[in-house]
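Each chain is listed here by its residues.
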Amino acid sequence: GFAFLVAVAAAALPLPAHVIERWYSRGVFPALQRSLTTISNLVPFALFDVLWIGAVAAAAILAYRQRDDWRRGVRRVVTVFACAAVIVYLGFLATWGLNYRRVPLDEKVVFDEERITAPAHAALGDWAVATLNAEYAAAHHGPVDLEGLRAAFQDAHRALGGTPIVTGRPKTTLLGWYFHKASIAGMTDPFFLETLLAPDLLEVERPFVIAHEWAHLAGYADESEANFVAYLACRRGGAAARYSAALMIVGYASGSRPLKDAL
């Protein structure tokens, strides 16, 4: 009962963004992230797979044990699921989810909306196309340089006022089939703070997706903010990282004018 009341209060009465920013996102969370990601990096498989498979197995066993009295069983299953949902929700908020309520990034950096113009948009598209052409051979030469990408990410994160994080070891997941069907490129496990990637990613897509998930590990919960941080990181990286950023950005920037004109 008490946990349920805490969960309701956490959902209905969120703290002010500046409080979350100071005490959680820049206070408790960085230390928690470094601890949890360090632990999850020790194993080559996704701990999140263990979590969801265990949850499915526990639910199946619970339902099977209630087969003799289905009315009582339904009440029992609903009660257990409700309690589990409360625990999962509170755990999600504590380990990562409160970052959704922090101060938005555009309120923490110098942001001039008047600089968002059609010519600037076109220039970004020109950079993307030029980079795709110039870096093609180098980007397809070998696997991702994780050490170089890690250094570039830490530099970008530090430029935004962040403290160094423990970057996640890129892992595949047994949810790969779902990622493929749902067009999901990657995911940050919000409980063990690990980096999960779709198994069918192209090698040239991996730097941007990895940097995006690392941005989530750094507390940038919003998808657009994570994309921005990944873009900054990849621009600071090697040829493969720059190519990966251009591959992502060209989709955003091509709307400023017909892509055939840029090519």
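To be clear, the structure that these remarks concern was listed above.
Reading guide: rules and limits
- Residues numbered from 1 in each chain as written.
- Predicted model: local features only at pLDDT ≥ 70, side-chain atom pairs only at ≥ 80, totals over all residues.
- Heavy atoms only, no water.
- Salt bridge = Lys/Arg side-chain N within 4 Å of Asp/Glu carboxyl O.
- Helix = DSSP H or I, 4+ residues; strand = E, 2+ residues; numbered from the N terminus.
- Buried < 20%, exposed > 50% of the residue type's maximum accessible area, 1.4 Å probe, protein only.
- 1 Å grid on protein atoms, 1.4 Å probe; cavity = no way out; pocket = protein on both sides within 12 Å on 5 of 7 lines; lining within 4 Å.
- Points joined across faces, edges and corners; volume = space filled by probe spheres on them.
- Nonpolar A, V, L, I, M, F, W, Y, C, P; charged D, E, K, R; others polar.
- Pairing = 2+ DSSP bridges.
- Expected span 1.5 Å × (residues − 1).
- Contact = heavy atoms within 4.5 Å.

Enquirer: Any chance you could break down the pattern of salt bridges for me, citing the residues and the numbers?
Expert: The tally for this structure, following the rule as stated, stands at 9 salt bridges. With a shortest N-O distance of 2.8 Å, Glu135 and Arg242 are connected by a salt bridge. With Glu135 in the loop between helix H5 (118-134) and helix H6 (136-139) and Arg242 in helix H11 (residues 239-253), this residue pair connects regions lying 107 residues apart in the sequence. Residue class for Glu135 comes out buried when judged on its relative accessible area of 15%.

Enquirer: Explain unusual backbone geometry to me, and be specific about the residues and the numbers.
Expert: Even without being glycine, Ser183 reaches a positive phi, approximately 55°. Mapped onto the elements of the fold, Ser183 is located in the loop between helix H8 (176-182) and strand E2 (186-188). One non-glycine residue, Leu193, lies in the positive phi region at around 50°. Counting through the fold element by element, Leu193 comes out in the loop between E2 and strand E3 (195-197). Look at Leu193 and you get buried, because its relative accessible area is 0%.

Enquirer: Any chance you could break down the layout of surface pockets for me, citing the residues and the numbers?
Expert: Remark: the empty space left among the atoms is shown by a probe the size of a water molecule rolled over them. Estimates place the volume of the largest pocket at around 1100 Å³. Taken together, 20 residues line the largest pocket, and the ones lying closest to its centre are Phe111, Ile116, Leu124, Phe228 and Tyr231. Those elements that provide at least two residues to the lining of the largest pocket are H5, helix H10 (223-236) and H11. Counting residues per element, the lining of the largest pocket draws most heavily on H10, which supplies 5 residues. Residues of the lining of the largest pocket, tallied by class, amount to 12 nonpolar, 4 polar and 4 charged. Along the wall of the second largest pocket there are 13 residues; nearest its centre are Leu51, Ala55, Ala58, Ala84 and Val88. Those elements that provide at least two residues to the lining of the second largest pocket are helix H3 (47-65) and helix H4 (70-95). A breakdown of the residues in the lining of the second largest pocket according to their chemical character gives 13 nonpolar, no polar and no charged.

Enquirer: Could you give me a rundown of the sheet that holds strand E1 (residues 171-172), with the residues and numbers involved?
Expert: Reading across from one edge, E1-E3-E2 is the order of the 3 strands in this open sheet, with mixed pairing throughout. Every interior strand has two partners, whereas the edge strands, E1 and E2, have only one. Across 2 bridges, E1 lies against E3 in parallel orientation. Residue Lys171 lies in a different strand from E3, and its bridge partner there is Leu196.

Enquirer: Account for helix H7 (residues 146-159), naming residues and giving values.
Expert: Taking 1.5 Å per residue as the helical rise, H7 with its 14 residues ought to reach 20 Å, and the 20 Å between its terminal C-alpha atoms agrees with that figure. Where H7 is buried, its residues meet helix H9 (206-217), H10 and H11.

Enquirer: If you had to explain H11 to someone new, which residues and values would you point to?
Expert: Taking 1.5 Å of rise per residue, the 15 residues of H11 would be expected to cover 21 Å, and the 20 Å separating its terminal C-alpha atoms lies within 8% of that figure. For H11, the set of buried residues is Ala239, Ala241, Tyr243, Ser244, Ala245, Ala246, Ile249, Val250 and Ala253.

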